[in-house]
Amino acid sequence: MAKTPKYTTDIVKAGLEKRYKREARFRRMGLTAIITGLIFLTMLFVSIIGNGYTAFWQTFVQLEIYLDASEIDPGGTGDPEVIAGANYGGLVKKSLREMFPEVSGRRDKRTLYGIVSTGASFDLKDFVLANPDKIGSTIQLWVPADDDVDMLIKGHFDRDKPEAERRIKDIQIAWVDKLIDQGRVESRFNKTFFTAGDSREPELAGIWGAAMGSFFTLIVTLLLAFPLGVATAVYLEEFAPQNKWTDMIEVNINNLAAVPSIVFGLLGLAVFINFFGLPRSAPLVGGLVLTLMTLPTIIIASRAALKSVPPSIREAALGIGASKMQMVFHHVLPLAMPGMLTGTIIGMAQALGESAPLL
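Here the structure is a predicted model, which is why all the values come from computation and not from measurement. (Residues numbered from 1 in each chain as written. Predicted model: local features only at pLDDT ≥ 70, side-chain atom pairs only at ≥ 80, totals over all residues. Heavy atoms only, no water.)

A. Fine view of the sheet that holds strand β1 (residues 57–66). Here we have three strands laid out as an open sheet, ordered β2-β1-β3, and antiparallel in their pairing. In this open sheet, the two edge strands, each paired with only one partner strand, are β2 (138–144) and β3 (185–189). Shown here is a sheet whose adjacent strand axes are inclined to one another by a mean of 40°, direction ignored. Pairing analysis gives five bridges linking β1 to β3, with the strands arranged antiparallel. Along β3, the bridge assignment pairs Thr59 with Ser187. Taken strand by strand, helix α6 (residues 120–130) contacts β1 and β2, and its axis lies near 135° from that of β2. (Pairing = 2+ DSSP bridges. Helix = DSSP H or I, 4+ residues; strand = E, 2+ residues; numbered from the N terminus. Axes fitted to C-alpha atoms, helices over the stretch in contact; angles between N-to-C directions. Contact = heavy atoms within 4.5 Å.)

Below is the structure:
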C-alpha cells in the first residue's frame, strides 16, 4: 500500500495545535507572574499603610494656662524680645500642677510634666507673641502630647501588661484617663509631620527638612549632570576620533558606573569638603557628589539613544546641505532626547535613593 506523501503544509498544520497550546501556556505563566507580583506589592503597601497610617494623626492635650504678666512682661513694655524670653515652660508646668493638685514630690511632678511634649512651651510662646493682649488672662491652649501618651491613645501600648514592660507608667495612664473624661484629649491631623524638621522628640519631628534637602540636592544634580552627560555622549558618539584615548575614556565611564556609591562619598569628602572647604550638610556638596555618581548612567544611556537613531537621518540631513553640527543638533539630538531623558530619570532615581554618598 503506497504511503501518502506529507507536504509542508500538512506538517505545519499538525504542529499548530501544539504551538498554540505552548503559547497559551506561556501567556498563562506570564499572567500568573504579573498577578503574583501585584499581590505581593499589595501586601507590601497594606503592611506599610497599616503600620504607619497613625503617624498622620497626633494627640493633643488641652491646658488651662494663666498668662501671668509678672513673668511674661514684668515691666509692661510689650517688648517682643522680653515676651519671647519668658519662662513658658514654667507656665506649662504650673498649669499641670494646678490640674492635678494631688501630685506631690519631685519625681511624681517630673512624671506629670512628661505627659505633654516639650514643644508645648514653644506653642505657648508663639500664641503669646501673636496675641499679646491675652497677657494677664487665662487661656485654653491645645498642646501636643508626649509621644508615649500619643502611642497609648492610638492603642500601641497594652494596658494589661506589667508596668515594667511598657514605656508609660500606670500613674500616667490614670492621668490621661482623667483628661479624657474631662474632654481635654483629642486627635488631630498631624500637620507637624509635614511642616517640621528633624527633632529629638518624636512628636515634634517632621519630613520638611529632609524633603527640602532632597529637593535642592536633586536640583543641583540635575542642573549639573544632565547637560554634562548629554554633551559628553554627543561628543563621544558624533565628534570624537576613534583612538586609544577615546577608548580609554569609554572604558573608564563604563567602570565608573559600577563603582560603589560610598566611594563617591569618600571622594566628595576628600575633594569638595577637605580640599575646597565647601560647607558640610549643604545641598551643593550633596549635588556635586551625586552628579559624579549619576554622570556615567546618563552618558551610557545617552550614547545608546544616539546609536538608536537610524543612519538614514544623518545621511538625509547631510545630503540636503546641513553641516555636521546642524545634523546633530537639529535632527539626531531631538530624536534621541526621549532615550536621554529616560536615562536621566533612572540616574536621578538612583541619586534620590542613595544615602551612603551623603553620609
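B. Broad picture of the packing of helix α4 (residues 88–99) against helix α5 (residues 106–113). Axis separation between α4 and α5 bottoms out at 10 Å; the angle between their running directions is 110°. The angle between α4 and α5 places the two elements in the roughly perpendicular class. Only Lys109, Leu112 and Tyr113 of α5 make contact with α4, whose side of the interface consists of Lys93, Leu96 and Arg97. Along the lines of polarity and charge, the residues of the contact of α4 with α5 split into three nonpolar, no polar and three charged. (Parallel < 35°, antiparallel > 145°, perpendicular 65-115°, else oblique. Nonpolar A, V, L, I, M, F, W, Y, C, P; charged D, E, K, R; others polar.)

C. Main features of the pattern of salt bridges. According to the stated counting rule, one finds 10 salt bridges in the structure shown. Among the ionic pairs, Glu64 bridges to Arg184, the shortest N-O distance being 3.5 Å. Remark: Arg184 occurs in the loop between α8 (170–181) and β3 and Glu64 occurs in strand β1; sequence separation between them is 120 residues. Its relative accessible area of 14% is what places Arg184 among the buried residues. When the shortest N-O distance is used, the salt bridge between Glu186 and Arg188 registers 2.5 Å. A relative accessible area of 32% places Glu186 in the partly exposed class. Through salt bridges with shared partners, one network takes in Asp147, Asp148 and Arg167. (Salt bridge = Lys/Arg side-chain N within 4 Å of Asp/Glu carboxyl O. Buried < 20%, exposed > 50% of the residue type's maximum accessible area, 1.4 Å probe, protein only.)

D. Summary view of the packing of aromatic side chains. Evaluation of the coordinates by the stated rule reveals eight aromatic pairs. Each ring, one from Trp57 and one from Phe189, has its centre 6.1 Å from the other, and the planes form 90°; the classification is edge-to-face. Separated by 132 residues along the polypeptide, Trp57 in strand β1 and Phe189 in strand β3 bring together distant segments of the chain. Summarising the aromatic geometry, the rings of Phe193 and Phe194 are spaced 5.2 Å apart at their centres and angled 85° between planes, so their arrangement reads as edge-to-face. The class for Phe194 is partly exposed, based on a relative accessible area of 33%. What links up through ring pairs into an aromatic cluster is the set Phe56, Trp57, Phe189, Phe193 and Phe194. The aromatic ring of Phe60 is capped on one face by Arg188, whose charged end is 5.2 Å from the ring centroid. (Phe/Tyr/Trp six-rings, centres within 6.5 Å; stacked < 30°, edge-to-face > 60°. Lys NZ or Arg CZ within 6 Å of the ring centre and 35° of its normal.)

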